[in-house]
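Structural description and commentary
The chain contents come next:
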Amino acid sequence: MTDSTRTVFFKMDNVIQDYAWGSVTSIEQLFAIPNLDQKPQAEMWMGAHANGCSVITVNGEAVRLADFIATDPDAIIGAETQAKFAELPYLFKVLAAEKALSVQVHPSKHQAEIGYAKEEKIGIARNAANRNYKDPNHKPELVFALTPYQAMNGFRQVAEIVALFQALNLEVINDLVATLAANQTEAGLGDFFAAMLSLEGEKKDAAVQGLLAYCDANQDQPLCSLLLELATQYPGDIGLFAPLMLNVLTLQPGEAMFLSACTPHAYIKGTGLEIMANSDNVLRAGLTPKFMDVPELVANTEFTSMAVDQLLLAPTVAGGGLDYIVPVPDFKFSVYKQVDDLELQNTSAEILFAIDAPLTVTHHNGDTLTLEKGQSVFIPAYAKAYTANCAGMFARAYN
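Note that the structure is predicted; figures quoted are calculated from it, not measured.

**A short note on helix 8 (residues 186-197)**
An ideal rise of 1.5 Å per residue puts 16 Å on 12 residues; helix 8 measures up with 17 Å between its terminal C-alpha atoms. Looking at the packing, one finds that the buried side of helix 8 touches strand 9 (149-155), helix 6 (158-168), helix 7 (174-182), helix 11 (242-245) and helix 12 (294-299).

What follows is the structure, given as structure tokens:
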């Protein structure tokens, strides 16, 4: 069978993860995907990740996408991708957060390789609660908002952090704040961040109680309103101080943001599309009951302030759609709206997701497939080109 006669469109059956922070209603309402058990529908995974591999139908049989790729990786994901990554290098998701996810940092590729090798050598089980590195890969991410999408990303300007903490005037941490005020550098911010996350026992309790008392008295301030809401989700958690240190912003539908390695961030509430490198490495910094390794976290964090007005990722108009350019080779992401017989070229494996209307794809060999909103298709590299028709929007993940 030649590439010109092989099936090129594979409708995907995707795993929906029921993490506790997920929304019970959003995915069902947006995409008419039933939630019969009324469990949280937190993330729908589209890809070949071992913890939630999509399934496709090949010659009438259900096959894991990873197993299908393994049958002929050069043809299916592309010889260049196979040589560089030896796998489908991205994971594509719908993410629907009803509660905040943990504040987290993802290591760089180099840091992940070192950390993974170290933990493998000393024999920490990969599923152990105290395991930091699940794989030797980085995990840069892009999120594209489908609803208003509130998040934290990157450190505020140090002077702004100092002012917010000085306004609290909490005796238990005033010495830490004074030290940061006197050393408003990346090193000073790193020391402050580590010291705050390391608060324990009575000092931590007093700091959190003082923070919430301040917020109770200033509920008209948006940041205080957010902190009081987070406190109902994660009572007593030291991560409640994160919004005072990190930029807080709300993406509107159609806006996108890139999240770099080594940058602290957290998703707070909303539904969006997310694409990331194929990794599960997470170093947590609060808003979580899970393991926190503060020294390792700090070693993997860049203490660089980021201007909030520079966090959004402006798209480039190209090829009939909007391309969101990212500084990593693992993935590319584009969105198309109201296209008629749009021809797209592909040199890598692609996943298309119908956002709000049916999407029909057609190949010159006669293969065709129509997706309803909320459905996705896997297109191997050997397709080389195909045509898309959609009265609404669809997203394209590739590399």
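From this point, the narrative continues.
**What to know about the packing of helix 7 against helix 8**
Axis separation between helix 7 and helix 8 bottoms out at 9 Å; the angle between their running directions is 165 degrees. Considering the angle they form, helix 7 stands roughly antiparallel to helix 8. Considering the relative orientation of helix 7 and helix 8, their crossing is left-handed. From helix 7, Leu 176, Val 177 and Leu 180 reach across to helix 8, where they touch Gly 188, Leu 189, Phe 192, Ala 195 and Met 196. Grouping the amino acids of the contact of helix 7 with helix 8 by side-chain chemistry returns seven nonpolar, one polar and no charged.

**As for unusual backbone geometry**
The phi torsion at Asn 59 lies on the positive side, around 50 degrees, for a residue other than glycine. Summarising the element assignment, Asn 59 is placed in the loop between strand 4 (55-58) and strand 5 (61-64). A residue is classified by how much of its surface remains accessible, and Asn 59, at 79% relative accessible area, is exposed. Unlike most non-glycine residues, Leu 287 shows phi in positive territory, near 55 degrees. Position of Leu 287 among the secondary structure elements: in the loop between strand 13 (283-284) and helix 12.

**Details of the packing of aromatic side chains**
Summed over the entire model, instances satisfying the criterion amount to 16 aromatic pairs. Where Tyr 149 meets Tyr 267, the ring centres are 5.3 Å apart and the plane angle is 70 degrees; that geometry is what we call edge-to-face. On the criterion of sequence distance, the pair formed by Tyr 149 in strand 9 and Tyr 267 in strand 12 (residues 265-277) is long-range, its members being 118 residues apart. Tyr 149 sits in the buried class, given a relative accessible area of 0%. For Tyr 267, a relative accessible area of 4% gives the class buried. Centre to centre, the rings of Tyr 336 and Phe 394 are 5.0 Å apart; their planes meet at 15 degrees, and the pair counts as stacked. Here Tyr 336 is found in strand 16 (residues 332-345), whereas its partner Phe 394 is found in strand 21 (residues 385-398), with 58 residues between them in sequence. For the pair formed by Tyr 336 and Phe 394, the shared burial category is buried. Stacked on the ring of Phe 85, the Lys or Arg Lys 84 has its end atom at 5.7 Å from the ring centre. Of note, Arg 396 hangs over the ring of Tyr 398, and the distance from its end group to the ring centre comes to 4.2 Å.

What counts as what
Residues numbered from 1 in each chain as written. Predicted model: local features only at pLDDT ≥ 70, side-chain atom pairs only at ≥ 80, totals over all residues. Heavy atoms only, no water. Helix = DSSP H or I, 4+ residues; strand = E, 2+ residues; numbered from the N terminus. Expected span 1.5 Å × (residues − 1). Contact = heavy atoms within 4.5 Å. Axes fitted to C-alpha atoms, helices over the stretch in contact; angles between N-to-C directions. Parallel < 35°, antiparallel > 145°, perpendicular 65-115°, else oblique. Left-handed = near helix turned anticlockwise from the far one by under 90°. Nonpolar A, V, L, I, M, F, W, Y, C, P; charged D, E, K, R; others polar. Buried < 20%, exposed > 50% of the residue type's maximum accessible area, 1.4 Å probe, protein only. Phe/Tyr/Trp six-rings, centres within 6.5 Å; stacked < 30°, edge-to-face > 60°. Lys NZ or Arg CZ within 6 Å of the ring centre and 35° of its normal.

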